[in-house]
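What follows is the residue order along each chain.
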Amino acid sequence: MKEINDVYPVTIIDDRYAGCYSSGKYLAFNLEAWDVPKGVSWGGDVDCAGFWANEASNYVIGKGNTPDRAYQDLVERVKITERESKKENPHLDPKKTFQDFIEGESNKFARRIGLSIAESLDMYNTFFIYGPSGCGKTHLVNAMGLRYKELNPLKTVLYVTARQFQNEFTDSVRKNTTSKFINFYQSVDMLIVDDIQEWMKAPKTAETFFHIFNNQVGCGKQIILACDRPPVDLDGMEKRLLTHFSSGVVTELEMPNEQLYIDILNAKCKQDNIKIPAEVLNFIAKKAKSVCDIEGIVNSLNAYSIVQDTIIDLNLAERLIKNIVV
């Protein structure tokens, strides 16, 4: 085939084929279903305008490209551009990193296996972490998402709570857009779902997630789940779903001990440039019942010391803790 130098538009035939028009010949190549760029509709020989036509000129047949190679290059470019144009929001907290996740005896294994999975998805497709509220589960799964995104900037990551997922699913049923809802979640490379115990009384939501789960694992993608209890204690969920939850790595994240609380306090004080006497730190570590308590106490101490122009001491800590720690 002779080299082609003109600009030829991409043409969409239907949801299975696409190609480039050149020298009076239509070159169609097999294609799995993919999202159509904005402004392009399905139907016979609909030309993509503007940008897509220009992009096609870089990947058409000729210049040493085979039809399959040219087409695959074009499809990949389209996917990347679509991701950029959608301004993907993974809903991750940039402050909840592995660097800020302080390691101790209670979380050592969970932290290390989480980091290994984030850096090498070939390890396990499913990571199920459980533990009581306030032990750091959300921080850990958030850190996994940030690390994976850092190493794979073109991959998609999404953090969502089980309640958010359930609300979106319910809304999709009401609007008759459930297929679109499922397709969106199946397009994510690393899907993180927090507080999945919320689905114990939501069988339809759990069933829908089962199909998404199957697709993700089958495609070699990553599922990260956080829960307040192990899979065997998720009463009301189907056995097949619980079996899937247990198919990868299941690990417990325990509540921090007193020493880990002190280490977390020191790290937060350093990060926020706050000076708190050692006796106050020890007092807080004895009284705190969760990592969330630590955040609230330190933030409150800092705010009071600034507004009231006073030093942080044991008296102030005792007064504030009564209203923070449940």
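Cut-off values and rules
- Residues numbered from 1 in each chain as written.
- Predicted model: local features only at pLDDT ≥ 70, side-chain atom pairs only at ≥ 80, totals over all residues.
- Heavy atoms only, no water.
- Phe/Tyr/Trp six-rings, centres within 6.5 Å; stacked < 30°, edge-to-face > 60°.
- Helix = DSSP H or I, 4+ residues; strand = E, 2+ residues; numbered from the N terminus.
- Lys NZ or Arg CZ within 6 Å of the ring centre and 35° of its normal.
- Buried < 20%, exposed > 50% of the residue type's maximum accessible area, 1.4 Å probe, protein only.
- 1 Å grid on protein atoms, 1.4 Å probe; cavity = no way out; pocket = protein on both sides within 12 Å on 5 of 7 lines; lining within 4 Å.
- Points joined across faces, edges and corners; volume = space filled by probe spheres on them.
- Nonpolar A, V, L, I, M, F, W, Y, C, P; charged D, E, K, R; others polar.
- Salt bridge = Lys/Arg side-chain N within 4 Å of Asp/Glu carboxyl O.
- Axes fitted to C-alpha atoms, helices over the stretch in contact; angles between N-to-C directions.
- Contact = heavy atoms within 4.5 Å.
- Polar contact = N/O pair within 3.5 Å; in protein donor to acceptor, adjacent residues only side chain to side chain.

A.B. asks: Tell me about the packing of aromatic side chains, and name the residues and values.
C.D. replies: If you walk through the whole model with that rule in mind, you get 12 aromatic pairs. For the pair Phe-209 and Phe-245, a centre-to-centre distance of 6.4 Å together with 55° between the ring planes defines the contact as tilted. Here Phe-209, found in helix α7 (residues 203-218), pairs with Phe-245, found in helix α8 (residues 239-245); they are 36 residues apart in sequence, far enough to count as distant. Ring-pair connections join several aromatic residues into one group, and the members of that group are Phe-128, Phe-165, Phe-169, Phe-181, Phe-184, Tyr-185, Trp-199, Phe-209, Phe-213 and Phe-245. Geometry around Phe-210 places Arg-240 over its ring, the cationic atom sitting 3.9 Å from the centre.

A.B. asks: Describe the environment of Gly-296, listing the residues and the values that go with them.
C.D. replies: Its location among the elements puts Gly-296 in helix α11 (residues 291-307). Here Gly-296 falls in the partly exposed class, since its relative accessible area comes to 22%. It is 9.1 Å that separates the C-alpha atoms of Gly-296 and Ile-321, two residues lying 25 residues apart in sequence.

A.B. asks: Mind laying out unusual backbone geometry, listing which residues take part and the relevant values?
C.D. replies: If you check the backbone angles, His-91 has positive phi at about 60° while not being a glycine. Looking at the secondary structure, you find His-91 in the loop between α2 (67-85) and α3 (108-119). Since its relative accessible area comes to 47%, His-91 is described here as partly exposed. For Asn-176, which is not a glycine, the phi torsion comes out positive at approximately 60°. With respect to the element layout, Asn-176 can be found in the loop between α5 (162-175) and α6 (178-186).

A.B. asks: Outline the layout of surface pockets, listing residues and values.
C.D. replies: Estimated volume of the second largest pocket: approximately 790 Å³. Contributing to the lining of the second largest pocket are 31 residues, with Lys-96, Asp-100, His-139, Val-291 and Glu-295 lying nearest its centre. Broken down by secondary-structure element, the contributors of at least two residues to the lining of the second largest pocket are α4 (137-151), α9 (258-272) and α11. Element by element, the count of residues in the lining of the second largest pocket is highest for α9, at 7 residues. Looking at side-chain class alone, the lining of the second largest pocket contains 10 nonpolar, 9 polar and 12 charged residues.

A.B. asks: Can you break down the pattern of salt bridges residue by residue, with the values?
C.D. replies: One pass over the structure, following the stated rule, counts 14 salt bridges. Residue Asp-171 is joined to Lys-175 by a salt bridge in which the shortest nitrogen-to-oxygen separation is 3.3 Å. With Asp-171 and Lys-175 both in helix α5, this residue pair falls 4 residues apart, about one helical turn. Since its relative accessible area comes to 27%, Asp-171 is described here as partly exposed. Among the charged side chains, a salt-bridge network with shared partners connects Glu-103, Arg-111 and Arg-112.

A.B. asks: Provide a residue-level description of the packing of α5 against α6, including the pertinent values.
C.D. replies: At a minimum axis separation of 8 Å, α5 and α6 run at an interaxial angle of 145°. Here Phe-165, Glu-168, Phe-169, Ser-172 and Val-173 of α5 lie close against α6, whose contacting residues are Thr-178, Phe-181 and Tyr-185. Among the residues forming the contact of α5 with α6, the class breakdown is 5 nonpolar, 2 polar and 1 charged.

A.B. asks: Which residues make up the side chain of Ser-305, and what are the values?
C.D. replies: Topologically, Ser-305 is positioned in helix α11. For Ser-305, a relative accessible area of 12% translates into the label buried. A polar contact of 2.8 Å, which involves the side chain of Ser-305, links it to the backbone oxygen of Asn-302. Those residues in contact with Ser-305, other than ones at most four positions away along the chain, are Thr-310 and Ile-312.

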